Amino acid sequence: MTRISVALATAGLMGATLAHAGEVEVLHWWTSGGEAKAASALKASMQAKGHTWKDFAVAGGAGDAAMTVLKSRVVSGNAPAAAQIKGPSIQEWAREGVLANMDDVAKANQWDTLLPKAIADGLKYKGNYVAAPVNVHRVNWLWANPEAFKKAGAKLPTTWDEFFTAAEALKKAGIIPVAHGGQNWQDFTTFESVALGVGGADFYKKALVQLDPAALKSPTMEKVLTTFRKVKSYTDKNAPGRDWNLATAMVIKGEAGMQLMGDWAKGEFLAAGKVPGKDFACVPAPGTAKAYTYNVDSFALFKLKNEANQKAQQDLAAAIMSPEFQEVFNLNKGSIPVRLNMNLDKFDECAKTSAADFVATAKAGSLVPSIAHGMAVPSASEGALKDVVSQFWNDDKTTVAGTMDKLVAAGKSRQ
Ligand code: BGC
């Protein structure tokens, strides 16, 4: 081929790509070290297809700020192509008539056979796919710094009694026992792990998923709240307002011994070059080894007018479910692939435990949705429950009995 014909052929190819190239604007809240690394995998796969990635990152753990910004964008008729939306909120957005039907992509890529049915159902509205899932996060984890434990002569806890024994030893050794960020979603992340560990999966489902008044106000809930308050006494005075990844950094540096947090925390340890099993430990939150609080990140796809952008959006949905993306994204994010039958050889022990426990707990009936991360109850009830729990956490004068009454009331606030 002559130089000119090569140039022409290249121009032709470029023309072909550009003709279909669109822009995807993606709203997410993945701004910490590990999160950003994971998100860049999605950006790279879209750019490889010739599309333009417009990053719409709104910082703030668990996405509270991102959801506020999203609402104003959609209300003003300027929705992004995709937004990180999960759980019952997917249905809430779909009911507004603003989400796009992704069935063509889902059928072409066999999503129905590649996803656990319960998860697929949550991504559909009236039988049509409106969102694409990226992962499964386990929320009921305890992260620990083995060196800090060694220094304190403490042992990794498996029960709440052992947790407090370890916390006491860490404190005596001059180490902050529990790294915490006082934001209401972080308070609730701790609360739901305590509820699962103290009350068990059946209690968790009755109280926090079905919002059963008899469980929300019960001797078990009394024990949960008392235990939860005791956890607070092992946090430091600078906890209020602290971001979750800064709390994780305290464990990474050995300033703190433990953190109760979902496995996006692992993304931070890995991004800091730490090795699981050596530099940090992952164990189920006390009393929850045989249960699993799940949190599935997904992207809801909004209706778009521009054809090239619609094509880019479909490519995004397809890329999200591809085995290549599911692997590289989840290796960085700390989660496990949501796509079934993936090879996990490259994943570490924390992820392998998570994958095995996901299957085992699904069989045993102890796989439960995370409330703190929007997987179970309507957003209005979730917000009301979080407010009650944070009020209890922040004000030691708030009584257990009064808090249980407020939980019952919060459980009734449906949207
Ligand atoms: C999301 C995670 C995210 C975490 C902290 C959770 O609700 O599911 O993807 O890393 O919040 O922002």
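Anything mentioned here points back to the structure above.
These notes cover the structure that comes with them. Quick caveat, the model's predicted, so the values are computed rather than measured. (Residues numbered from 1 in each chain as written. Predicted model: local features only at pLDDT ≥ 70, side-chain atom pairs only at ≥ 80, totals over all residues. Heavy atoms only, no water.)

A few points about the pairing of strand β8 (residues 141–144)
Burial of β8 is two-sided: the residues Trp141 and Trp143 facing one way and the residues Leu142 and Ala144 facing the other way are all buried. Relative to strand β10 (residues 256–260), β8 runs antiparallel, the two sharing three bridges. Residue alanine 144 lies in a different strand from β10, and its bridge partner there is methionine 258. (Buried < 20%, exposed > 50% of the residue type's maximum accessible area, 1.4 Å probe, protein only. Helix = DSSP H or I, 4+ residues; strand = E, 2+ residues; numbered from the N terminus. Pairing = 2+ DSSP bridges.)

Here we look at the side chain of threonine 190
Among the structural elements, threonine 190 can be located in helix α10 (residues 184–209). Apart from residues lying up to four places away in sequence, threonine 190 is in contact with His180, Phe228, Val231, Leu260 and Trp393. (Contact = heavy atoms within 4.5 Å.)

Concerning helix α3 (residues 64–75)
In this model, α3 (12 residues) spans 17 Å end to end at C-alpha, consistent with the 16 Å of a helix rising 1.5 Å per residue. Residues of α3 that are buried make contact with β1 (23–28), β2 (52–57), β3 (82–84) and α4 (88–95). After α3 finishes, the residue glycine 77 shows a positive phi value of roughly 75°. (Expected span 1.5 Å × (residues − 1).)

Points about the site of the ligand
Close contacts around the ligand come from 14 residues, with Glu35, Lys86, Asp297, Lys333 and His373 the closest. At 2.9 Å, a side-chain N or O of tryptophan 30 approaches an oxygen atom of the ligand. Between asparagine 295 and the ligand, the recorded distance is 2.9 Å, taken from a side-chain N or O atom to an oxygen atom. Summarising the interface, the protein chains cover 100% of the accessible area of the ligand, which totals 310 Å² for the free molecule. (Near = heavy atom within 4 Å. Polar contact = N/O pair within 3.5 Å; in protein donor to acceptor, adjacent residues only side chain to side chain. Areas by Shrake-Rupley, 256 points an atom, 1.4 Å probe, with all protein chains shown as cover.)

Focus: the nonpolar core
In this structure, Leu70, Ile85, Trp111, Val136 and Leu316 are the most contacted members of the largest nonpolar core, which totals 64 residues. Looking at this core element by element, the count peaks at five residues for helix α2 (residues 33–48). Non-local contacts of leucine 70, meaning those with residues more than four positions away in its chain, are made with Leu27, Pro80, Ala83, Ile85, Trp93 and Phe302. Counting residues in hydrophobic clusters, the runner-up holds 53 residues, among them Ala144, Ile175, Phe191 and Ala281. (Core = buried A, V, L, I, M, F, W, Y, C linked by side-chain atoms within 4.5 Å.)

Structural notes on α10
For α10, with 26 residues, the first-to-last C-alpha span of 18 Å runs short of the 38 Å given by 1.5 Å per residue. Note on α10: the residue one or two positions beyond its end, leucine 211, has a positive phi of about 55°.

Remarks on the packing of α10 against helix α18 (residues 379–394)
Between α10 and α18, the least distance of the axes is 9 Å, while the angle of their chain directions is 85°. By the angle between their directions, the pair α10 and α18 is classed as roughly perpendicular. Here Asn184, Trp185, Asp187, Phe188, Thr190 and Phe191 of α10 lie close against α18, whose contacting residues are Leu385, Lys386, Asp387, Val389, Ser390, Trp393 and Asn394. Split into classes, the residues belonging to the contact of α10 with α18 amount to six nonpolar, four polar and three charged. (Axes fitted to C-alpha atoms, helices over the stretch in contact; angles between N-to-C directions. Parallel < 35°, antiparallel > 145°, perpendicular 65-115°, else oblique. Nonpolar A, V, L, I, M, F, W, Y, C, P; charged D, E, K, R; others polar.)

Things to note about the packing of α18 against helix α19 (residues 400–412)
Interhelical geometry of α18 versus α19 gives an angle of 170° and a closest axis separation of 8 Å. Classified by the interaxial angle, the pair formed by α18 and α19 is roughly antiparallel. Of the residues in α19, those touching α18 at Ser381, Ala384, Leu385, Val388, Val389, Gln391 and Phe392 are Val400, Thr403, Lys406, Leu407, Ala410 and Gly411. When grouped by side-chain class, the residues that make up the contact of α18 with α19 number eight nonpolar, four polar and one charged.

Considering the packing of aromatic side chains
Given two aromatic rings, one states the distance between the centres and the angle between the planes to describe the pair. Counted by the stated rule, this structure contains 18 aromatic pairs. With a centroid separation of 5.7 Å and an interplanar angle of 80°, the aromatic rings of tryptophan 93 and phenylalanine 302 are classed as edge-to-face. In this pair, tryptophan 93 is assigned in helix α4 and phenylalanine 302 in the loop between β13 (298–301) and α15 (307–320), connecting sequence segments 209 residues apart. One exposure class covers both tryptophan 93 and phenylalanine 302, and it is buried. (Phe/Tyr/Trp six-rings, centres within 6.5 Å; stacked < 30°, edge-to-face > 60°.)

Some points on the sheet that holds strand β6 (residues 131–133)
Here five strands make up an open sheet; going across it, the order is β2-β1-β3-β13-β6 and the pairing mixed. The sheet is open, and its two borders are formed by β2 and β6, each paired with just one other strand. For this sheet, the mean angle separating the axes of adjacent strands, direction not counted, is 20°. As paired elements, β1 and β3 share two bridges and run parallel to each other. Each bridged residue has a counterpart across the sheet, and for valine 26 the counterpart in β3 is alanine 82. Each of β1, β2, β3, β6 and β13 is contacted by α15, which is oriented at about 55° to β1, the strand it contacts most.

Looking at the pattern of salt bridges
Tallying each qualifying case throughout the model produces 16 salt bridges. The salt bridge involving lysine 253 is made with glutamate 255; its shortest N-O contact spans 3.8 Å. Judged by its relative accessible area of 39%, glutamate 255 falls in the partly exposed class. (Salt bridge = Lys/Arg side-chain N within 4 Å of Asp/Glu carboxyl O.)

Things to note about the state of the cysteines
Note: disulfide means a covalent bond formed between the sulfur atoms of two cysteine side chains. All told, the structure shown has one disulfide when counted by the stated rule. The disulfide bridge from cysteine 282 ends at cysteine 350, spanning 2.2 Å between sulfur atoms. Taking the sign of the torsion about the S-S bond as the criterion, the disulfide between cysteine 282 and cysteine 350, at about -105°, is left-handed. A residue pair is termed long-range when its members are at least 10 positions apart, and cysteine 282 in strand β11 (residues 281–284) and cysteine 350 in helix α17 (residues 349–364) qualify at 68 residues. (Disulfide = S-S within 2.5 Å.)

The values reported here are purely geometric and, on their own, carry no functional implication.
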